Amino acid sequence: MARPFYQKLYLRTLRTARKFGLRKRQNQQSIRSARSLGPRIVVIGGGTGLSTMLRGLKTYTENITAIVSVSDDGGGSGVLREDLGMLPPGDIRNCITALANTEPTMMELMNYRFPEGINKGQSFGNLFLAALNGITGSFEEAVTRMNEVLAVTGKVLPVTNANVNLVADFENGASVVGESKIAAKKKQQNCRIHKVRLEPEHPKALPHAIDAILSADMIILGPGSLYTSIIPNLLVDGIVQALEQSKAPKIYVLNIMTQDGETEGYTAFDHLHALLQHSAPHLVDACIYNTAPVPDLIQARYKTEDAEPVEIDMQRFREAGVEMYGFPLIAGGSQLARHDPALLAQAVVNVFGRCCVREGIYGAYDMLARETEPGKI
């Protein structure tokens, strides 16, 4: 009886792997020295969710591009934005340090926050990026230089060079300008966000960001704050058009918990529906979601903020024709329900293997990457 296609594929890639010396018994060093063979992955978002994703993905592939929102106006980033007229550096800095390959001392320096004085609470990494911005005269060039200084795996790009603010319109007709003000205003209005938009409207996307999307093997949205980290990228002119034009699978990573001040009461499909309303009806091909139970103590902590585990309303995804891939993704030993970088990256690699079949040495690499225990590469 003829072998099924997937068995033939497995045997063919196994033979290719052996031909190139990528035997399973030797896969640790082989994959470590072959990350240049990894798929071209574009990750779109902002905040801690994006840096978590990047920290795991860099163990699998060198071909990563992070496209980061630049609408933040709070904290240290907001201060530098107001004082220097530069784009907010915080999310960019977090992503660069997540992908950095440098000495521990340099990493500590980038993440150091001044405990007192005029720079109290400010990150040295933000100031470093601000200094590069002053030297180069361009935020895009400053980010490129910081990528080089910290020997980043892949590259980090701001989604636009435009100085934009995020505006939220609520279901009752109220509005608020400023990303940092949205959560408090939502609680005050006690209703859902109807939509978010950028001021000024129609900022142009960075050409390098468009190029990365069009040449990607896989595109990931999230995880992260729905309205303030992910959707702002989709409001930049050229991004949605490039995503629609790209033939790469588009994967949305669902949050583990709803978010206070943004998505209280949202189901998983509510998250996706909001994302599609701000982009295009059939933009997302599949979603990755967490299957591990959230410990009771952690749930109790989130409940004080009206946050709870995101309900996976599977039937609505089936009706929409969106594939669902579930994995245990919660980081152990944390007081928060956060994604584990290694588990999340392994989930992405597995989904890539189901959505895309690469041939030859690239297929062999993908196969061995899937077989390797998370965090062990």
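Criteria and cut-off values
- Per chain, residues are indexed from 1 in the order of the written sequence.
- In keeping with the predicted nature of the model, local features appear solely for residues at pLDDT of at least 70, side-chain atom pairs appear and are counted solely at 80 or more, and the whole-chain, interface and lining totals rest on all residues.
- Note: side-chain values were computed over all heavy atoms of the structure, leaving out hydrogens and water.
- By convention in these notes, a salt bridge is any Lys or Arg side-chain nitrogen within 4 Å of a carboxyl oxygen on Asp or Glu.
- Put simply, DSSP H or I for four residues or longer makes a helix, DSSP E for two residues or longer makes a strand, and each gets a number counted from the N terminus.
- Here the term cavity refers to a set of points on a 1 Å grid, laid over the protein atoms alone, in which a 1.4 Å probe fits but cannot get out; the term pocket refers to an open set having protein on both sides within 12 Å along at least five of seven lines, with lining residues being those that place an atom within 4 Å of a point.
- Grid points are joined across faces, edges and corners, and a volume is the space filled by probe spheres set on the points.
- Any residue outside Ala, Val, Leu, Ile, Met, Phe, Trp, Tyr, Cys, Pro, Asp, Glu, Lys and Arg is labelled polar, Gly included; the first ten of those are nonpolar and the last four are charged.
- In what follows, residue pairs with any heavy atoms lying within 4.5 Å of each other are defined as contacts.
- Whenever a nitrogen or oxygen atom comes within 3.5 Å of another N or O atom, the pair is scored as a polar contact, on the condition that within protein one atom can donate a hydrogen and the other can accept it, and that pairs from neighbouring residues in sequence are kept only if both atoms are in side chains.
- What makes two strands pair is DSSP finding at least two bridges between them.
- A fitted line through C-alpha atoms represents every axis, and for helices the fit uses only the stretch in contact; the resulting angles, taken between N-to-C directions, go from 0 to 180 degrees.

### Topic: the pattern of salt bridges
At step 1: This model, assessed by the stated rule, comprises eleven salt bridges.
At step 2: Of the charged contacts, one joins Asp217 and Arg40 as a salt bridge, the two residues approaching to 3.1 Å between their closest N and O atoms. Taken together, the residues span a long stretch of sequence, with Asp217 in the loop between α10 (207-214) and β7 (218-221) and Arg40 in the loop between α2 (27-32) and β1 (41-45) at a distance of 177 residues.
At step 3: Across the salt bridge formed by Asp270 and Arg192, the nearest N and O atoms sit 3.7 Å from each other. With Asp270 in helix α13 (residues 268-277) and Arg192 in the loop between α9 (182-189) and β6 (193-199), this residue pair connects regions lying 78 residues apart in the sequence.

### Comments concerning empty space enclosed by the protein
At step 1: Inspection of every chain in the model, using the stated rule, returns two cavities of 30 Å³ or more.
At step 2: Computed from the structure, the largest cavity encloses a volume of approximately 60 Å³.
At step 3: As for the largest cavity, its lining consists of Pro39, Tyr60, Val349, Phe352, Tyr365, Asp366 and Ala369.
At step 4: Looking at the lining of the largest cavity, the elements that each hand over two or more residues are α16 (341-355) and α17 (360-371).
At step 5: With three residues, the single largest contributor to the lining of the largest cavity is α17.
At step 6: Across the lining of the largest cavity, the residue classes break down as six nonpolar, no polar and one charged.

### Quick notes on the environment of Tyr227
At step 1: With respect to the helices and strands, Tyr227 occurs in helix α11 (residues 226-234).
At step 2: C-alpha of Tyr227 to C-alpha of Gly154: the two residues are 73 residues apart in sequence and 26 Å apart in space.
At step 3: Tyr227 has contacts with Leu166, Ile193, Val196, Pro232, Glu262, Thr263, Tyr266, Ala274 and His278, leaving out every residue within four places of it along the chain.
At step 4: Within polar-contact distance, the side chain of Tyr227 engages the side chain of Tyr266 at 2.7 Å.

### Remarks on the sheet that holds β6
At step 1: The sheet built from three strands is open, its strands ordered β5-β4-β6 with antiparallel pairing. Sheet topology places β5 (175-177) and β6 at the edges, where each strand pairs with a single neighbour. The sheet shows a mean angle of 20° between the axes of neighbouring strands, taken without regard to direction.
At step 2: Examined bridge by bridge, strand β4 (residues 165-170) and β5 share three bridges and lie antiparallel to one another. The residue bridging Ala168 from the neighbouring strand is Val176, located in β5.
At step 3: Against the sheet, α9 touches β4, β5 and β6, its axis set at about 10° to β4.

So far we have only geometry, and geometry alone does not tell us how the molecule works.
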